[in-house]
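What follows is each chain in one-letter form.
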Amino acid sequence: MDSIISPDSHFILFFIVAGAAAFGIYSEHKKWFGKLSGILVTMISMSILAMLGVLPVASNPNVKVEVYDMVFTYFIPISIPMLLFSSNLTKIVKESGKLLLAYIIGAIGIVLGCFLAVSLIDLGADSGNTAGVIAATLIGGSVNFIAAAESLNFSTNPMFTATIAVDNLVSNLYTLFLFLTPSLVFLSRFFVKPKKENEIDSNEGSQKNEYPMTLERIAVSVFIAALIAGAGTFIAPYLERLIQTDINLSILLITLFAVLAANLFPKQLKALENTAFSIGIWMMYIFLAVIGAATNIHQIFEIGPAILAFYIVIMMFHFVFLLALAKLFKLDVYEVVISSAANIMGPSVAAPMAASMGQKKLITPGILVGILGYIIGTFVGVSIAVFLS
């Protein structure tokens, strides 16, 4: 069936894609849909338009849509370096304290939970790649979901849209559970007494306005990100032939080069962090809008329940694993829930959770361990996929 808007209507299609991204971001900011993620709002908007025949479906192999191709080709390779400008490993290790330990325990719990889920639930022929992508997002967040999916050629798989829909739903529900955890008296025996020093106020929030977005910072951020993306995509084919692999190494190399740049030139990139992150997140929303246009609602209902069960097994094991080791490593309830939020949802949730719980000293560590997740999530996820395939 032909869509109302032709695949050749490039500007109209990009206007709609950009509009869906803006709608998702704005709706999350305004809390129009309560706790529903802006990413999910963007994807649902595009999937409805595609299913109604307004837009060409992105997953249709018989239709070439140049706007969709442009987003796949350019937006992800450029956005990933921008999101990693702040991935200074020295700073993460030095300033994150006990939260780093709790985060590592949580990440190990996710990896073990992933293998447990694979042994219990059959996700079909592509279960290895699905498990790898899920592990990547639960260790780092949405950035790693997309990077791992691109590396494993999973973003065109029917499982992709079902997985990302379930991911948003389950992650939001789990975050609500984490907010409730400190008030659950029966869990208190697993934790040491909360540390008073973590409640001391700090001036971390003032750093945000230290380097406002300017035209110069936008230009330099895009230039550096494009340079890193160019280097990664140029070297990847040679390395793939050298080690004889079908895995798309360009995203992994781009991630590696971005982390190297952030650690070799931390002072130079510090002024660009906020600008680059904002642009990178917007580009991610554009990408996810196109993914939304690939949604097949029937496949989501067919595949979704199995993926939901897969997520629940991993998350339950992750939390129980953290709980079991909390007393041994002298972790309090706030260190456990904030590190777990950094695992599952990334720094954007861990930091406000720390603030809302009055744990002012855990705001910056929450951001730092979340950024560590950005760094390692894709590598861990792809490794699990390779091991299981």
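The rules we used
Residues numbered from 1 in each chain as written. Predicted model: local features only at pLDDT ≥ 70, side-chain atom pairs only at ≥ 80, totals over all residues. Heavy atoms only, no water. Helix = DSSP H or I, 4+ residues; strand = E, 2+ residues; numbered from the N terminus. Buried < 20%, exposed > 50% of the residue type's maximum accessible area, 1.4 Å probe, protein only. Contact = heavy atoms within 4.5 Å. Areas by Shrake-Rupley, 256 points an atom, 1.4 Å probe, with all protein chains shown as cover. Lys, Arg positive; Asp, Glu negative; His and termini not counted. Charge placed at Lys NZ, Arg CZ, Asp CG, Glu CD. Expected span 1.5 Å × (residues − 1). pLDDT = per-residue confidence, 0-100. 1 Å grid on protein atoms, 1.4 Å probe; cavity = no way out; pocket = protein on both sides within 12 Å on 5 of 7 lines; lining within 4 Å. Points joined across faces, edges and corners; volume = space filled by probe spheres on them. Core = buried A, V, L, I, M, F, W, Y, C linked by side-chain atoms within 4.5 Å. Axes fitted to C-alpha atoms, helices over the stretch in contact; angles between N-to-C directions. Parallel < 35°, antiparallel > 145°, perpendicular 65-115°, else oblique. Left-handed = near helix turned anticlockwise from the far one by under 90°. Nonpolar A, V, L, I, M, F, W, Y, C, P; charged D, E, K, R; others polar. Patch = residues over 30% accessible without salt bridge, like charges linked within 9 Å, V, L, I, M, F, W, Y side chains within 5 Å. Salt bridge = Lys/Arg side-chain N within 4 Å of Asp/Glu carboxyl O.

Per an unreviewed UniProt entry, the chain is named Putative membrane protein, and its organism is Ancylomarina subtilis.

Trainee: Describe the overall build of the chain, listing the residues and the values that go with them.
Mentor: Scanning the chain from terminus to terminus reveals 16 helices and 0 strands. The principal-axis extents of the C-alpha atoms in the chain amount to approximately 60 × 50 × 50 Å. Scored against the burial criterion, the 389 residues of the chain give a buried share of 52%. Long-range contacts, defined as pairs at least 24 residues apart, comprise 82% of the intrachain contacts of the chain with a sequence gap of at least 6. Of the roughly 17800 Å² of accessible surface on the chain, a fraction of 68% belongs to carbon and sulfur atoms. Charge separation in the chain, taken as the distance between the mean sites of 20 positive and 22 negative side-chain charges, equals 16 Å.

Trainee: Give a detailed account of helix α3 (residues 66-83), specifying residues and quantitative values.
Mentor: Spanning 18 residues, α3 covers 25 Å between terminal C-alpha atoms, matching the ideal 26 Å at 1.5 Å per step. Among all positions of α3, only Val67, Tyr68, Val71, Phe75, Ile76, Pro77, Ile78, Ser79, Ile80, Pro81, Met82 and Leu83 are buried. Buried residues belonging to α3 abut α1 (10-30), α7 (142-151), α9 (215-243), α10 (250-264), α12 (273-292) and α16 (363-388).

Trainee: Tell me about the confidence of the model for the chain, and name the residues and values.
Mentor: On average, residues of the chain carry a pLDDT of 83, and 90% of them reach 70 or more. Per-element averaging of pLDDT across the chain places helix α15 (residues 347-356) at the bottom with 74 and α9 at the top with 93. Counting contacts from residues 201-207, a segment whose pLDDT is below 50, to residues more than four positions away or on other chains yields 6 contacts.

Trainee: Tell me about α7, and name the residues and values.
Mentor: With 9 of 10 residues buried, α7 is to be regarded as a mostly interior element. Residues of α7 that are buried: Val143, Asn144, Phe145, Ile146, Ala147, Ala148, Ala149, Glu150 and Ser151. Phi for Asn153, located one or two positions after α7, is positive at around 55 degrees.

Trainee: With reference to specific residues and values, describe empty space enclosed by the protein.
Mentor: Tallied over the full model, the rule gives 1 cavity of 30 Å³ or more. A volume near 40 Å³ is recorded for the largest cavity. Among the elements of the structure, α7 and α8 (158-180) are those that each provide at least two residues to the lining of the largest cavity. With 3 residues, the single largest contributor to the lining of the largest cavity is α8.

Trainee: Can you explain the nonpolar core? Please cite residues and give values.
Mentor: Side chains of a nonpolar character, in soluble globular proteins, are inclined to be buried together. Core analysis: the biggest nonpolar cluster contains 124 residues, and Phe310, Tyr311 and Ile338 have the highest contact counts within it. With 11 residues, the top contributor of residues to this core is α12. Look past the residues within four positions of Ile338 in its chain and what remains in contact with it is Leu99, Ala350, Met353, Ala354, Gln359, Leu362 and Gly366.

Trainee: Outline the packing of helix α5 (residues 97-120) against helix α14 (residues 333-345), listing residues and values.
Mentor: Taken N-terminus to C-terminus, the directions of α5 and α14 make an angle of 55 degrees; their axes are 8 Å apart at the nearest point. Here α5 is positioned oblique relative to α14, judged by the angle of their axes. Crossing angle aside, the handedness with which α5 passes α14 is right-handed. Judged by residue contacts, Lys98, Leu99, Ala102, Tyr103, Gly106, Ala107 and Ile110 of α5 engage Glu335, Ile338, Ser339, Ala342, Asn343 and Ile344 from α14. Looking at side-chain class alone, the contact of α5 with α14 contains 8 nonpolar, 3 polar and 2 charged residues.

Trainee: Before we move on, can you summarise the packing of α9 against α12 with the specific residues and values?
Mentor: Packing of α9 against α12 brings their axes to within 9 Å, and their N-to-C directions diverge by 65 degrees. Between α9 and α12, the crossing angle belongs to the class labelled roughly perpendicular. In the crossing of α9 with α12, the sense of the turn from one axis to the other is right-handed. Contacts between α9 and α12 involve Arg217, Ile218, Ser221 and Val222 from the first element and Thr275, Ala276 and Ile279 from the second. Considering only residue class, the contact of α9 with α12 consists of 4 nonpolar, 2 polar and 1 charged.

Trainee: Before we move on, could you go through a nonpolar patch on the surface and cite the residues and values that matter?
Mentor: On the surface, Leu169, Leu173, Leu176, Leu308, Ile312 and Met316 cluster together into a nonpolar patch covering about 530 Å² of accessible area. Among the secondary structure elements, those contributing two or more residues to the nonpolar patch are α8 and α13 (297-326). Within the secondary structure, Ile312 is located in helix α13.

Trainee: How would you sum up the environment of Leu272? Please name residues and give values.
Mentor: Tracing the sequence through the fold places Leu272 in the loop between α11 (266-270) and α12. The spatial distance from the C-alpha of Leu272 to the C-alpha of Arg217 is 5.9 Å, given a sequence separation of 55 residues.

Trainee: How would you explain the pattern of salt bridges if you had to name every residue and give the values?
Mentor: A full pass over the atoms with the stated rule returns 1 salt bridge. We note a salt bridge from Asp69 to Lys64, for which the minimum N-O separation is 2.9 Å. Among the residues examined, Asp69 registers a relative accessible area of 30% and is labelled partly exposed. Given a relative accessible area of 58%, Lys64 falls into the exposed group.

Trainee: Explain the side chain of Asn343 to me, using residue names and the numbers behind them.
Mentor: Among the secondary structure elements, Asn343 is positioned in helix α14. For Asn343, a relative accessible area of 0% corresponds to the buried category. For Asn343, the residues in contact, after removing those within four places along its chain, are Tyr103, Gly106, Ala107, Ile110, Thr137, Leu138, Ile139, Gly140, Gly141 and His318.

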